[in-house]
Amino acid sequence: MPFDRTYIQQKFIDYCKLNTRSVDGTGEVPTTPGQTVLLHKIAKELTGLGLQDVSYSEQDAYVVGCIPANTAQAASPIGFVAHVDTADFNSEHVQPQVHEHYDGRDLVLGNGRILSAKEFPSLKKVIGQTLITASGDTLLGADDKAGIAGLLGMAKYLQENPSVKHGEIWLAFGPDEEIGRGAARFDVSRFPVEFAYTLDNGNPGDIAYETFNAASAHVEFKGTVVHPGEAYGLMVNAALMASEFIQGLPAGFTPENSKDYQGYIMVLNNQGNVDHAAIDLIVRSFDTAEFNHSKQLLLDLVGQLNQKYGTGRVTIDLEDQYHSPGDVIKQHPYVVNLVHHAYQALGLPIHHIPFRGGTDGDFITEKGIPTPNLFNGGANFHGPYEYATTEQMVLLSKTLVEIVRQHLLLNNQRDETPLSR
Ligand SMILES: [Zn+2]
């Protein structure tokens, strides 16, 4: 039986219609009830597709399920992960629009919005495909419902084609990715795999095993207010200390000068007066050494100012937010090389993508399961111009099947070629 294109498209559309926007700070798990609705729908779907041990946990709000091995041949358990929530943009009454045989023309979405091939050149790559968009007011939710549809498409194909042999496969569907909370809560004892892949953003052929390492810092400056006429030798100006701190940051090491594998330090906020000043910053780096160096630089600047103006004048609250899975995955190159083999078998161009943000895989890798990101085939995420195509979701299903097939073939003779960018 072929991949069920109608099924994949219909699941995608049904799930896009559900409002699953995550909202930070509600104190609930997941943060919004729409996500629970979708998670339960997925659990039901998985059971219908013959998965075993399908469960939902109220602690982490993840649905997991297992496609049992259908051969005695050994292959370690492999996992795939998608997230159910959508980004911080209007997601009420999403009305997916299906444009069959997209011909490359501008599409009027509604609400005065036009999806134009001139403005979004990536549309040229999907000419001839079935393009699915939102209707102008909302996002679509392809991030990451295209990943979910691709996973269900794989599960259905494997159910209908028992001749395709594979080892044990676990699927996980989680909440609150967009606010960076979901995977941090994931109890991975429920997900007994050797390694896994997220299917979040990206184009067919992409693989991202390095993301930013991320930290945030809040720096406080305490001044001494004295009447300016009598300030000689007494006044300490917090606003000027803050400005001295900023002058000490490496010149040009900023987001506007940073691309590909380059990192940065960004001043998010800088407010102050004579009495008190505060600066918020973020630190981003692909390389752990550069990341640590940047953080040390902030601490050193604080130390220097305290030495100059007196202990306790400047304090810093420096916190790691997430870590790139790169260092761990480089120790397990098979996890990436396996995907190379699958992509090559399907004729997909291999691209190593520096993922300039964080992914669920960052948290899952830290919990001991190396987890790079692949692709879901959608585009223009987090806004009204988001789109996906049925063909690319089917291609995702096909790619996942190829990965589990190749894993069975290669498991005993793993390609451990060291990774390069
Ligand atoms: Zn996403």
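What counts, and where the lines are drawn
- Residues numbered from 1 in each chain as written.
- Predicted model: local features only at pLDDT ≥ 70, side-chain atom pairs only at ≥ 80, totals over all residues.
- Heavy atoms only, no water.
- Salt bridge = Lys/Arg side-chain N within 4 Å of Asp/Glu carboxyl O.
- Helix = DSSP H or I, 4+ residues; strand = E, 2+ residues; numbered from the N terminus.
- Buried < 20%, exposed > 50% of the residue type's maximum accessible area, 1.4 Å probe, protein only.
- Donors = N, O, S within 2.8 Å, 3.2 Å for Na, K, Ca; no water.
- Tetrahedral: all angles 85-135°; square planar, octahedral: opposite > 155°, others 65-115°.
- Pairing = 2+ DSSP bridges.
- UniProt positions renumbered as here; feature names shortened; annotations may be inferred.
- Contact = heavy atoms within 4.5 Å.
- Polar contact = N/O pair within 3.5 Å; in protein donor to acceptor, adjacent residues only side chain to side chain.
- Core = buried A, V, L, I, M, F, W, Y, C linked by side-chain atoms within 4.5 Å.
- Domains from an automatic or database assignment.
- Buried area = accessible area lost by both parts, 1.4 Å probe.
- Nonpolar A, V, L, I, M, F, W, Y, C, P; charged D, E, K, R; others polar.
- Axes fitted to C-alpha atoms, helices over the stretch in contact; angles between N-to-C directions.
- Parallel < 35°, antiparallel > 145°, perpendicular 65-115°, else oblique.
- Left-handed = near helix turned anticlockwise from the far one by under 90°.

## Let's talk about the pattern of salt bridges
- Under the criterion given, the structure shown has 16 salt bridges.
- In this structure, arginine 421 engages aspartate 287 in a salt bridge whose closest nitrogen and oxygen atoms are separated by 3.4 Å. With arginine 421 in the segment after α10 (390–410) and aspartate 287 in the loop between β13 (276–285) and α6 (288–309), this residue pair connects regions lying 134 residues apart in the sequence.
- Looking at aspartate 287, the relative accessible area reads 33%, which means it is partly exposed.
- With a closest N to O distance of 3.3 Å, glutamate 402 and arginine 405 form a salt bridge. Here the residue glutamate 402 and the residue arginine 405 both occupy positions in helix α10, the gap between them amounting to three residues, near one helical turn.

## Concerning the coordination of the zinc ion
- Those donors, His83 (NE2), Asp143 (OD), Asp200 (OD) and Asp200 (OD), are the protein atoms that reach the zinc ion, and they lie 1.9 to 2.7 Å from it.
- Here the zinc ion is ringed by four donor atoms whose angles at the metal span 52 to 142°, and the overall shape comes out irregular.

## Points about the pairing of strand β1 (residues 52–56)
- Sheet topology note: the β1/strand β2 (residues 63–67) ladder contains three bridges and is antiparallel. Residue pairing in the sheet places serine 55 in a bridge with valine 64 of β2.
- Between β1 and β2, which pair antiparallel and follow one another directly, the connecting turn spans six residues, one of which, alanine 61, has a positive phi of 60°.

## Here we look at the UniProt feature "binding site: Zn(2+) 2" (unreviewed entry) in the protein chain
- Residues annotated in UniProt with the feature "binding site: Zn(2+) 2" (unreviewed entry) correspond here to Asp143, Glu178 and His382. Taken along the chain, the residues just named run across 240 residues; in space they keep tight, none of their C-alpha pairs more than 9.6 Å apart.
- Its location among the elements puts aspartate 143 in helix α3 (residues 142–160).
- Apart from residues no more than four positions distant in its own chain, aspartate 143 is found in contact with His83, Asp85, Thr86, Glu178, Asp200, Asn201, Asn376, Phe381, His382 and Glu386.
- At 2.9 Å, the side chain of aspartate 143 and the side chain of histidine 83 are in polar contact.
- Checked against the element boundaries, histidine 382 lands in the loop between α9 (360–366) and β16 (387–389).
- Ignoring sequence-local partners within four residues, the contact set of histidine 382 consists of Ala87, Phe89, Asp143 and Glu178.

## Some thoughts on the nonpolar core
- Grouped together as the largest cluster of nonpolar side chains are 65 residues, with contacts concentrated most on Phe12, Phe80, Met154, Leu171, Phe173 and Tyr197.
- Looking at this core element by element, the count peaks at ten residues for α3.
- In contact with phenylalanine 173, other than residues within four places in its own chain, are Leu39, Ile42, Leu46, Ala61, Tyr62, Val63, Ala82, Val84, Ile148 and Leu151.
- Membership of the second largest hydrophobic core comes to 22 residues, among which are Ala183, Val193, Phe363 and Ile369.

## Quick look at the domain arrangement of the protein chain
- What the domain assignment reports for the protein chain is domain 1 (5–211 + 324–413) and domain 2 (213–321).
- Taking the mean C-alpha position of each, domain 1 and domain 2 sit 39 Å from one another.
- Contacts between the two partners involve ten residues from domain 1, matched on the other side by eleven residues from domain 2.
- With both chains or domains summed, domain 1 and domain 2 bury close to 790 Å², and 42% of this area falls on carbon and sulfur atoms.
- On the domain 1 side of the contact with domain 2, Glu210, Pro354 and Arg356 bury the most area, a combined 59% of that side's loss.
- Among the elements of the structure, β10 (206–211) and β15 (351–355) are those that each provide at least two residues to the side of domain 1 that touches domain 2.
- Of the residues forming the side of domain 1 that touches domain 2, the biggest block, four residues, is contributed by β15.
- Split into classes, the residues belonging to the side of domain 1 that touches domain 2 amount to four nonpolar, three polar and three charged.

## Observations regarding the UniProt feature "domain: Peptidase M20 dimerisation" (unreviewed entry) in the protein chain
- UniProt annotation of "domain: Peptidase M20 dimerisation" (unreviewed entry) refers to residues 209–310 when read in the numbering used here.
- Regarding residues 209–310, the helix share stands at 31% and the strand share at 31%, and the terminal C-alpha atoms are separated by 44 Å.

## A closer look at the environment of alanine 75
- Tracing the backbone shows alanine 75 in the loop between β2 and β3 (78–83).
- The exposure class of alanine 75 is buried, given its relative accessible area of 16%.
- A sequence separation of 198 residues divides alanine 75 from asparagine 273, and the C-alpha atoms of the two residues are 63 Å apart.
- Look past the residues within four positions of alanine 75 in its chain and what remains in contact with it is Gly167, His407, Leu408 and Asn411.

## Brief notes about the packing of helix α1 (residues 5–16) against α10
- Close contact between α1 and α10 brings their axes to 9 Å; oriented N to C, the two are set at 110°. It follows that α1 is roughly perpendicular to α10 by the angle criterion. Crossing angle aside, the handedness with which α1 passes α10 is right-handed. Between α1 and α10, the contacting residues are Arg5, Ile8, Gln9 and Phe12 on the first element and Thr390, Glu391, Met393, Val394 and Ser397 on the second.
- Tallied by class, the residues present in the contact of α1 with α10 amount to four nonpolar, three polar and two charged.

## What about the environment of serine 57?
- Following the sequence through the fold, serine 57 ends up in the loop between β1 and β2.
- Counting along the chain gives 65 residues from serine 57 to serine 122, while the straight-line C-alpha distance between them is 39 Å.
- Not counting residues up to four positions away in its chain, the partners in contact with serine 57 are Tyr62 and Arg190.
- Engagement of the side chain of serine 57 in a polar contact is seen with the backbone nitrogen of aspartate 60, the distance being 3.4 Å.

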